[in-house]
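For reference, the chains in residue letters:
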Amino acid sequence: MSVPTVHSEKKGSNLNIIVDSRENIARRAADLYSEVLASKPDAVLGFATGSTPLDLYAELIARVKAGKLSFKDVTTFNLDEYVGLEPTHDQSYRYFMDKNLFEHIDLDSKRVNIPSGIAVGEGESAAYEAAIAAAGGIDMQLLGIGHNGHIGFNEPNTPFGSLTHKVTLTDSTIEANSRFFASRDEVPKEAVTMGIRTVMNARRLVLIALGEGKAEIIKKTVQGPVTEEVPASVLQLHPDAYIFADFEAAKYL
Ligand code: PGA
């Protein structure tokens with residue numbers, strides 16, 4: 001896919017924007033998983049961490065426990081991981097995914113892929129891209145959004161053409177994520193993240209934004225120019241992207 005790296009003044013787009021209550025968003029986003037897995041039980045799914053997907057994950061777990069959904073043939077790829085944290089560290093994204101989703105569903109742990117925060121380098125990043133390609137590409141990638149518009153750990157001004165790479169976190173991201181650590185100093189300063197192009201190569205994107213704190217960045221993402229200054233604005237260029245926003249996050253739309 002060729003993704004422009006220049007700014008554009010394009011307004012409006014093909015985005016599917018769904019505004020609803022927080023509870024209904026979890027259910028309606030879960031419906032997309034039910035649809036995808038009904039037509040492709042061995043789908044390749046991209047997952048995300050953060051507070052935002054927790055309700056969706058709880059809904060997916062409930063559907064698996066009710067026998068309505070199965071991940072037994074699914075392959076997963078996560079967006080990102082902190083550099084320096086072992087998979088067993090309670091703030092690693094691997095640990096987050098295990099505790100909040102993977103341990104509770106019928107997923108084969110051999111088909112779980114999360115960038116390593118320990119073996120970090122260009123070779124590992126290239127291997128992550130190769131693993132995605134070998135799996136046939138990502139059918140549906142879940143995204144949260146940072147207050148600065150980051151997707152994954154692609155901070156503002158990350159090139160739209162970027163693939164999986166190591167990044168230095170911005171102060172605002174370190175600050176936002178410090179709520180999960182004992183102190184700000186313990187927040188890792190670096191991470192490995194899928195790039196913008198890696199994300200855009202997924203056949204479907206599902207971005208969820210909850211709460212008033214995301215209202216301004218959602219307006220820029222949806223209605224502002226497509227620009228590397230607002231990484232999530234690139235979704236306007238995707239042919240099959242969904243943005244789920246609760247009433248608070250959608251208040252400026
Ligand atoms: P949050 O993080 O879900 O905890 O708000 C989203 C993000 O930073 O991508």
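Residues numbered from 1 in each chain as written. Predicted model: local features only at pLDDT ≥ 70, side-chain atom pairs only at ≥ 80, totals over all residues. Heavy atoms only, no water.

Side chains of Ile17, Val19, Phe247 and Leu253 sit close together on the surface and give an oily, nonpolar patch of about 330 Å² of accessible area. By secondary structure assignment, the location of Val19 is in strand β1 (residues 16-20). (Patch = residues over 30% accessible without salt bridge, like charges linked within 9 Å, V, L, I, M, F, W, Y side chains within 5 Å. Areas by Shrake-Rupley, 256 points an atom, 1.4 Å probe, with all protein chains shown as cover. Salt bridge = Lys/Arg side-chain N within 4 Å of Asp/Glu carboxyl O. Helix = DSSP H or I, 4+ residues; strand = E, 2+ residues; numbered from the N terminus.)

If you walk through the whole model with that rule in mind, you get nine aromatic pairs. With a centroid separation of 5.6 Å and an interplanar angle of 80°, the aromatic rings of Phe77 and Tyr128 are classed as edge-to-face. Of the two residues, Phe77 sits in strand β3 (residues 75-78) while Tyr128 sits in helix α4 (residues 122-134), which places them 51 residues apart along the sequence. Note on Tyr128: relative accessible area 8%, which makes it buried. Here a set of aromatic residues connected by ring pairs shows up, and it is made of Tyr33, Phe47, Tyr57 and Phe102. (Phe/Tyr/Trp six-rings, centres within 6.5 Å; stacked < 30°, edge-to-face > 60°. Buried < 20%, exposed > 50% of the residue type's maximum accessible area, 1.4 Å probe, protein only.)

Here the focus is the pattern of salt bridges. Evaluated as defined, the whole model comprises 14 salt bridges. Between Asp73 and Arg111 there is a salt bridge, and its shortest N-O distance comes to 4.0 Å. Note that Asp73 is positioned in the loop between α2 (54-65) and β3 and Arg111 in the loop between α3 (93-100) and β5 (112-113), a separation of 38 residues in sequence. Note on Arg111: relative accessible area 27%, which makes it partly exposed. When the shortest N-O distance is used, the salt bridge between Asp108 and Lys110 registers 3.7 Å. With relative accessibility at 24%, the residue Asp108 sits in the partly exposed group. By relative accessible area, Lys110 is classed as exposed at 71%. The network of salt bridges with common partners includes Asp31, Glu59 and Arg63.

Close contact between α2 and α3 brings their axes to 10 Å; oriented N to C, the two are set at 45°. In terms of axis orientation, α2 runs oblique to α3. Residue-level inspection shows Leu54, Tyr57 and Ile61 of α2 in contact with α3, the latter providing Phe96, Met97 and Asn100. Along the lines of polarity and charge, the residues of the contact of α2 with α3 split into five nonpolar, one polar and no charged. (Axes fitted to C-alpha atoms, helices over the stretch in contact; angles between N-to-C directions. Parallel < 35°, antiparallel > 145°, perpendicular 65-115°, else oblique. Contact = heavy atoms within 4.5 Å. Nonpolar A, V, L, I, M, F, W, Y, C, P; charged D, E, K, R; others polar.)

Taken in spatial order, the three strands of this open sheet run β4-β8-β7, and their pairing is antiparallel. Each edge of the open sheet is held by one strand with a lone partner, namely β4 (80-82) and β7 (165-168). Averaged over all adjacent pairs, the angle separating strand axes in this sheet is 25°, with direction ignored. The pairing of β4 with strand β8 (residues 190-193) spans three bridges and is classified as antiparallel. Bridge pairing in β8 links Asp80 to Thr193. (Pairing = 2+ DSSP bridges.)

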